[in-house]
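# Close look at the chain arrangement
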Amino acid sequence: MNSPAPANAVRTLHVRGMNCASCVAHVEKALLRVEGVESASVNLASETASVTASPKVGFDALAAAVHQAGYEVATDETTLDIEGMTCAACVGRVEKVLLRVPGVLEANVNLAANRAHLKTVSGTPLPALLSAVKRAGFGARPADATSADTRESRSEAEERALQRAVWLALALTLPVFVLEMGSHMIPGMHDWVMTHIGHHESWWLQAVLATAVLFGPGLRFFRKGVPALLRGAPDMNALVAIGTGSAWSYSMVALLAPGVLPEGTVNVYFEAAAVIVTLILVGRLLEARARGRTSEAIRRLMRIQPRTARVIRDGATLDVAIEEVVAGDQVQVRPGEKIPVDGEVVEGESFVDESMITGEPLPVRKAAGDEVVGGTLNTRGAFVFRATKVGADTVLAQIIRMVEAAQGAKLPIQAMVDKVTMVFVPVVMAVAVLTFLVWLAFGPAPALTFALVNAVAVLIVACPCAMGLATPTSIMVATGRAAAMGVLFRKGDALQLLRDTDLVALDKTGTLTQGRPQLTDLVTINGFEREEVLALVAAVERQSEHPIAQALVDAAEAEGLAIPAAEGFESVAGFGASAEVAGHTVAVGAARFMTRLGVDIAPLAAEAQRLAEAGKTPLNVAIDGKLAATVAVADPLKPTSAQAVAALHAMGLKVAMITGDNARTAKAIARQAGIDEVIAEVLPEGKVEALQKLQAGARRIAFVGDGINDAPALAHADVGIAIGTGTDVAIESADVVLMSGDLAGVPRAVALSRATIRNIRQNLFWAFAYNSALIPLAAGVFYASAGLLLSPVFAAAAMSLSSVFVLGNALRLRRFSADAVMPAGSAAARQGATT
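Being a predicted model, the structure only gives us computed values, none of them experimental. (Residues numbered from 1 in each chain as written. Predicted model: local features only at pLDDT ≥ 70, side-chain atom pairs only at ≥ 80, totals over all residues. Heavy atoms only, no water.)

### A closer look at the sheet that holds strand E7 (residues 115-121)
Ordered by their spatial adjacency, four strands build an open sheet running E6-E7-E5-E8, and the pairing between neighbours is antiparallel. Edge strands, defined here as strands with exactly one partner in the open sheet, are strand E6 (104-110) and strand E8 (139-142). Across the sheet, the axes of successive neighbouring strands diverge by a mean angle of 25 degrees, strand direction being ignored. As defined by bridge partners, strand E5 (residues 75-83) adjoins E7 across seven bridges and the pair is classed as antiparallel. What sits directly across from Leu80, in E7, is Ala116. Strands in contact with helix H4 (residues 126-135) are E5, E6, E7 and E8; relative to E8, the strand with the most contacts, it is inclined by about 160 degrees. (Pairing = 2+ DSSP bridges. Helix = DSSP H or I, 4+ residues; strand = E, 2+ residues; numbered from the N terminus. Axes fitted to C-alpha atoms, helices over the stretch in contact; angles between N-to-C directions. Contact = heavy atoms within 4.5 Å.)

Structure, rendered in structure tokens:
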């Protein structure tokens, strides 16, 4: 009799971007096209879509259909702390059960951090996620509910518990090892045991001590491994439980009922079971200590912010907890104190060491109107600032979130590892069974003994801990080291993508250059006076936020000119601006703007060309429809820009510049910086198209920018790198953020990316090569030809050492040197040496 088909399920999606009935129809039509969808009803007012579909239709398919229709399904990002994971198989199991929860679109589980990062459809219930993990045999809690101090204390408590278990296991195992192995290794030991203890009594003593080891410190392997085995999802704990349990059970039979075993096979392996548990516990302890060091960067960031702040309220100065500071509070900072939260200086001045945030070693002068960042150090002088961002909104809190998100990411290289580890443990168990049967059938006498020992060795040596730790530990250490250098990887996969970059494309203003242009030339024509023209130009440009506009206003103010009011201001992006000023129609902009207005620029064309060839930006001024003047503004290169470009060249990368400046100016700047390719006169909306041209020939592009108009290009590039001194929009669109605004961070990020991927490949090679070499040895493949076998005891030691090796290799990234990236003797190299 056939079982009834499962009933269709109703799913609710929150859809963004709909604004009319036509949108509703588009979304409904897109959802109905998904195979298995029975009906779809979209509500514009609540921005929800109710979909009735087969249980086989996943949320990801529905979300993809909505996206293809031009709309977005609202999603949430959730982070869970996971307890009880010990190997790559655990990671695969947790990811698998989470992806089965309705509404989960992505699940990335990090063994080194013991965390799961989820992307879910908005409204997915948290209890469903927690119960799924718990049903799989692991503990779970929302990460947001766990403070950094709590996580650290829990990690320390786990390490202390492991330390106690190791010492207890060692104390119990040592007598067992001496009683059994000492008889083979120490002359006269066998006779002493037979005379003073007795053969059978020695076995009983070993049985008592080994049982205490297995079901005392070693009970954790059985508590986790047996349920995992019963669920059909064996992990490392299951392998250890089966291996040590088999050796112990066989020994107990030999002790209590020797008659049931074939002649010549009555042996005990209590020492193997006890030593294996002890060695694996020692390996776990070393892993726990090494993992703690991989998270050190996060803990260091968390300790930067002081615990209290000196707040001025109602004329009185109070010391309050950092959590009690609110936006708008006046905060006092004395010499040598850390700044508690972000704010703006309102009184006094000082020099602030921002190296812990930006990686820049030189203190920065701060005066009224300047911004200060929480966690930075006031070196000398006292000042008062107004708190602008507190709690989770501070720069430091955002940095911590970025680093944690990057550390929890899964690189593309991990995909292959995941596929292997999901089938690895079942395959190992099958190999162990096959090993047992082959030795039992064809092995020399005593065949049962050989079969048991070799099968146990296969189970123990093949634990996939090293595989699971190979990638996440390197990511955690590398992103932490990058943060110390002022380079933030907002997305972990940028670590790998940056390594594969062929060309780095740079925005000019604020990226290559200072971003603070200055007026250098003003050439008038047709009898116009210089002061009059500059005052009119400043009146128009005062309405604009463009850096060049600000330079013109600053020049007029510096000369003490009276700037009249402007009316009817109109800005045309990429062209220029115009307004009515003091009865005149004034237009300021590029040559293409004058052409659009019908103004003849020929009289000053030669002058504009000369200025452009000198690396300056020429602008034309028209008053009442007549050409009045050409003004030139120059934006000098940042001190480290040319050095950064040289460093990128040394790495074998090409460098291009994308700018809205005219071609002559752009080429002059490119010559100064040593840039290979120039795409000039690009309108803001044309930067993506310019990137597409550069990507021709399958070149992988990293784009570096800082402005609002750079956001689309940052999102489109293979890797978007935002200058941290730029706008929030640009930073949110980027994969990597340079906190200092120094272009030298780009070659540092590329170099660290290459070092990280190289480190990961070393880890993976070791993990896979180790298993490939030792599993055949443990199975006895080389016994017939070379007489080689692997004792289960040595298998346990080798397994533990493999994980420790991988962790130790990853920790080498903590010593990554930024100064080796920049040209020797450069300012950027000297700065990098201090990070």
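### Description of the packing of aromatic side chains
Evaluation of the coordinates by the stated rule reveals seven aromatic pairs. Geometrically, the ring pair formed by Phe450 and Tyr783 is tilted, given 5.9 Å between the ring centres and 50 degrees between the ring planes. Remark: Tyr783 occurs in helix H29 (residues 783-786) and Phe450 occurs in helix H15 (residues 447-461); sequence separation between them is 333 residues. Among the aromatic residues, those joined into a cluster by ring pairs are Phe215, Phe222 and Trp248. Of note, Arg11 hangs over the ring of Phe59, and the distance from its end group to the ring centre comes to 5.8 Å. (Phe/Tyr/Trp six-rings, centres within 6.5 Å; stacked < 30°, edge-to-face > 60°. Lys NZ or Arg CZ within 6 Å of the ring centre and 35° of its normal.)

### Structural notes on the sheet that holds strand E1 (residues 9-16)
Ordered by their spatial adjacency, four strands build an open sheet running E2-E3-E1-E4, and the pairing between neighbours is antiparallel. Of all the strands in the sheet, the pair left with one neighbour each is strand E2 (37-43) and strand E4 (72-73). Note that E1 and strand E3 (residues 48-53) share six bridges and pair antiparallel. Along E3, the bridge assignment pairs Ala9 with Ala53. Along the sheet, helix H1 (residues 21-32) makes contact with E1, E2 and E3, crossing E2 at roughly 160 degrees.

### Regarding the nonpolar core
Leu98 and Phe489 are the most contacted members of the largest nonpolar core, which totals 141 residues. If you tally residues by element for this core, the top one is helix H28 (residues 745-779), at 16 residues. Those residues in contact with Leu98, other than ones at most four positions away along the chain, are Leu80, Val104, Ala107, Val109, Ala116, Leu118, Leu129 and Val133. Grouped together as the second largest cluster of nonpolar side chains are 30 residues, Leu519, Leu619, Val621 and Val631 included. (Core = buried A, V, L, I, M, F, W, Y, C linked by side-chain atoms within 4.5 Å. Buried < 20%, exposed > 50% of the residue type's maximum accessible area, 1.4 Å probe, protein only.)

### Some details on the environment of Val91
Relative to the helices and strands, Val91 resides in helix H3 (residues 88-99). By relative accessible area, Val91 is classed as buried at 7%. In this structure the C-alpha to C-alpha distance between Val91 and Leu111, which are 20 residues apart in sequence, comes to 6.4 Å.

### Overview of the packing of helix H22 (residues 605-613) against helix H24 (residues 663-673)
At a minimum axis distance of 7 Å, the contact between H22 and H24 shows a crossing angle of 20 degrees. By the angle class used here, H22 and H24 are roughly parallel. Of the two possible hands of crossing, H22 and H24 adopt the one that is right-handed. Facing Gln609, Ala612 and Glu613 of H22, the residues of H24 in contact are Arg664, Thr665, Ala668 and Arg671. (Parallel < 35°, antiparallel > 145°, perpendicular 65-115°, else oblique. Left-handed = near helix turned anticlockwise from the far one by under 90°.)

### Concerning the side chain of Ser122
Its place among the elements puts Ser122 in the loop between E7 and H4. One polar contact links Ser122 to Asp76, side chain to side chain, over a distance of 3.5 Å. Not counting the four nearest positions on each side in its chain, Ser122 is found in contact with His14, Ala74, Thr75 and Asp76. (Polar contact = N/O pair within 3.5 Å; in protein donor to acceptor, adjacent residues only side chain to side chain.)

### What to know about the UniProt feature "transmembrane region" (unreviewed entry) in the protein chain
According to UniProt, the positions carrying the feature "transmembrane region" (unreviewed entry) are residues 165-183, 203-222, 234-256, 268-286, 420-442, 448-471, 764-783 and 789-807. Within residues 234-256, the helical portion is 91% and the strand portion 0%, while the C-alpha atoms at the span's ends are 30 Å from each other. Summarising residues 268-286: 89% helix, 0% strand, and an end-to-end C-alpha distance of 30 Å. (UniProt positions renumbered as here; feature names shortened; annotations may be inferred.)

### Some thoughts on H15
Side chains three or four residues apart in an α-helix point the same way, a direct result of the helix having 3.6 residues per turn. Between its first and last C-alpha atoms H15 spans 21 Å; for 15 residues at 1.5 Å apiece the expected length is 21 Å, and the two agree. Most of H15 sits inside the fold, with 13 of its 15 residues counted as buried. (Expected span 1.5 Å × (residues − 1).)

### A word on unusual backbone geometry
Note that the residue after Ala445, namely Pro446, is joined by a cis bond; omega there is -10 degrees. Relative to the helices and strands, Pro446 is located in the loop between helix H14 (414-442) and H15. Here Ala582, not a glycine, exhibits a phi torsion of approximately 50 degrees, which is positive. Mapped onto the secondary structure, Ala582 falls in the loop between strand E22 (576-581) and strand E23 (584-589). Given the relative accessible area of 57%, Ala582 is considered exposed. A positive phi angle, near 55 degrees, is found at Glu681, a position not held by glycine. One can find Glu681 in the loop between strand E27 (677-679) and helix H25 (687-694).

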